[in-house]
Number of protein chains: 2
Amino acid sequence: MWGMPWTRGFIAVDWGTTNRRAYRIDRQGECTASFEDGQGMLSVAPGGFPAAAEAIRERLGDEPLLLAGMVGSTRGWVEAPYVPCPAGLDELAAHLVWVEAGQVAIVPGMSILGAGQADVMRGEEIQMVGALAAGLIPSDAFVCHPGTHNKWVTVADNRIRTFRTVMTGEMFNQISERGTLAEMIGEKVTLGEAFRDGVARGLDGAALTAELFSVRARVLLGDLRRADAASFTSGLLIGADIKVGLGMARGAEMILLGRPELTRLYAAGAAVAGHVAREIDGETAFLAGALALARTLP
Amino acid sequence: MWGMPWTRGFIAVDWGTTNRRAYRIDRQGECTASFEDGQGMLSVAPGGFPAAAEAIRERLGDEPLLLAGMVGSTRGWVEAPYVPCPAGLDELAAHLVWVEAGQVAIVPGMSILGAGQADVMRGEEIQMVGALAAGLIPSDAFVCHPGTHNKWVTVADNRIRTFRTVMTGEMFNQISERGTLAEMIGEKVTLGEAFRDGVARGLDGAALTAELFSVRARVLLGDLRRADAASFTSGLLIGADIKVGLGMARGAEMILLGRPELTRLYAAGAAVAGHVAREIDGETAFLAGALALARTLP
C-alpha cells in the first residue's frame, strides 16, 4: 500500500523524554545494529525532529522509522493521541500516526478514563504488546513495568485492560536531588535489610509525606544509619508502589517487565510482600513489539 | 545569675532555614519592633553567625537574644540537641544552649523515638509552649502546625506528648517546581471544588505517588481543568496529611496553629473531613513562647 515493504527492514526507536535508543531490524526480524544517546524529546529544539530523525538514519541506514515513546506526546514531533483501553496490538497498529506516509510512523500511547480512574502511558504499550506477541507473557497477565513512572497493567485476552501509574522513580529522583532528604540519599541502593524494612513500611500504606520525613528523623536520632537511608527510602517508595499493584490483582502471578536494574528492585520488594515475581527484559519486549507492529503494515 | 535581667527586655528570633523574623520585646512583654528578612540559616556562611546576630542587634537594640528554629540545628550556629518528649516549657528552659552566657540562648528542638516512631521538630516547640502559656490552647489538646513540614501534636497536661511530621509543604513546593506536574501547577491555590475534591481523594489514603500522577493524566485527558490542577493537588496532599492527623486523635478538637495563609487551607481541608478547626496565629504564639521562656531565666 505504501510502496515500502517494511518486512525488508526498518529502524525502531524508543524515543523517551531524556534519551533515545534506536535499533536496525533486518528482514529476518533480527536487530543488527543499535545505539543509545541523550537526544531525548526535551533536547530536540522546536522544528528539529526531521533532522534528529535523519541523524538516526545516517547511523543505522536509510530505512523506514517506527517511533515510540514521548516523541508522540504533545511536546514531541507529532502528537499520536492516546488509544483508550482495552487495547492491544491491533488498536496500536490502527492508530499509528504517519509523519511521512510509509516512511515514518509514531506509535500512540494508551489511556484509561472513567469510574474514578484516569491514566496515561506512552512508550510502555509497545513493550506490552511485544511481550504478548512473543509469548513472553500469557494472554491474561498482571504486569509491573518499572521506570520513572511505574505502570501496573492487567492484561486480558491479549489486550491491556486497565493500568495504574505510580511515579516512584520520579519521586525518588526528586527527593534525592533536592530538599530535606537529599543530603542523606547519596549512597547506592542495595537490596539488604534496610531496603526490605523500607518495603515493609511502604506496604503498610501510611502517607508517604509522613514516612519520608521519618527517614530524616531516624537518621538524625541515630535510629537509621545514614548509609542506609537511600536503600530504606527506595524500599519505602517501592513498597507503597507494590501495595497499589496488589490492590489491582492480588493473587495473580507478578511479571516484571523493564530494565533489569529496576525489575530486580521490584522483585526484591515483591519477595517482602510474599510474591515470587518473574523478570522479563524490556528491551527484548520492545524489539518484539516493534516487529509485531511492522508486520501488521500492508 | 547571668547579671542580665531579661525581664528588662530582649530580642526573640524565629530563625528558620530560609528566612528569619526578629522581635524586640520590652519590659512589659510587648513587641515594640520587628523585622523579617531572607537571612535564614542556609544563607549564613560558616562562622558568620556572630556577625549575623550582631546585625539583628544593630537594628533592634543591644539586648540579649533568644533564638529558636534551625539556627540550633547541626548546620546552624551552635547545636541545641533535641529534648525528648514528653516535654514542655520547663524542659525547653532547662535545655537552652547558651552561645554567650546570659546574652545569647538557643531554644532546643524536641524529638520522639521509640515504638515505631521517630520524629523531630525545631521551631514549632516554642510556639506550642507559647500557646499553652498564654492559654490560647487548653492543657490537653490536639494541634496541627502547618508549614513546610506540618506537625500533628498531641498535648497532655501542658506538655507535648507525641507528634508526627508530614512534609506536605515541601512536597507541594518540589512538585510545583520540577518534574511531571510542574508545568500544570502554576496557578494559585483556591479553596473551591477542586481543592475539596483533592482533599476527599487524599483522605481516601491511596498512595500519593499514584494519586499525583493521576492529576497529570486527568488534565491530559480533559477530566480536570489545567487551572484547577494546583488546587486539586494541594487538596490531595492536605487530605493525606489530615488523614495522618486524624489517625492520632480522632474526635478531639482540632486546633490549627501557624501562619494564617496556611491554617486556612487546613481549616478548609478539615471541613471536608467533617471537622471544625480553630485557627490560632503562629506569630502570637511565638511571642508568647519567647516571653514565657525569658521569664524562666533567673
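Computed from a prediction, not measured in an experiment: that's the story for all the values here.

A separate point is the overall build of chain A. Broken down by element type, chain A carries nine helices and 14 strands. For chain A, whose C-alpha radius of gyration is 20 Å, the value lies close to the compact-globule estimate of 19 Å for 298 residues. Projecting the C-alpha coordinates of chain A onto the three principal axes gives extents of approximately 70 × 40 × 35 Å. Counting only contacts in chain A whose residues sit at least 6 apart along the sequence, the fraction spanning at least 24 positions is 66%.

This part takes up the pairing of strand 11 (residues 150-156) of chain A. Residue and element names in this part refer to chain A. Burial analysis of strand 11 places five of its seven residues in the buried class, which makes it a mostly covered element. Note that strand 10 (residues 141-145) and strand 11 share five bridges and pair antiparallel. For Val143, the partnering residue across the bridge sits in strand 11 and is Val153. Between the end of strand 10 and the start of strand 11, which pair antiparallel, lie four residues. A loop of two residues connects strand 11 with strand 12 (residues 159-166), the two strands running antiparallel in sequence, and Asp157 in this loop sits at a positive phi of about 55 degrees.

As a further point, take the interface of chain A and chain B. Each partner contributes to the interface: chain A provides 35 residues, whereas chain B provides 35 residues. Elements represented by at least two residues in the side of chain A that touches chain B include exactly strand 8 (110-114), strand 9 (117-121), strand 12, helix 4 (168-177), helix 6 (208-220) and helix 7 (229-249) of chain A. By residue class, the composition of the side of chain A that touches chain B is 17 nonpolar, 10 polar and eight charged.

Let us look at the sheet that holds strand 6 (residues 97-100) of chain A. Each strand in a sheet pairs with its neighbour through backbone hydrogen bonds, running either in the same direction (parallel) or in the opposite one (antiparallel). Residue and element names in this part refer to chain A. Strand order in the open sheet made by the six strands is 3-2-1-4-7-6, with mixed pairing throughout. The strands lining the two open edges of the sheet, one partner per strand, are strand 3 (31-37) and strand 6. Sheet twist, expressed as the average angle between the axes of neighbouring strands with direction ignored, equals 20 degrees. Pairing between strand 1 (residues 9-15) and strand 2 (residues 20-26): seven bridges, direction antiparallel. When the bridges of strand 2 are listed, Trp15 appears paired with Arg20.

Quick notes on the rules
Residues numbered from 1 in each chain as written. Chains lettered and ligands numbered in written order. Predicted model: local features only at pLDDT ≥ 70, side-chain atom pairs only at ≥ 80, totals over all residues. Helix = DSSP H or I, 4+ residues; strand = E, 2+ residues; numbered from the N terminus. Rg over C-alpha atoms; globule rule 2.2 N^0.38 Å. Contact = placed C-beta atoms within 7 Å. Buried ≥ 20, exposed ≤ 12 C-beta atoms within 10 Å, placed from the backbone. Pairing = 2+ DSSP bridges. Nonpolar A, V, L, I, M, F, W, Y, C, P; charged D, E, K, R; others polar. Axes fitted to C-alpha atoms, helices over the stretch in contact; angles between N-to-C directions.

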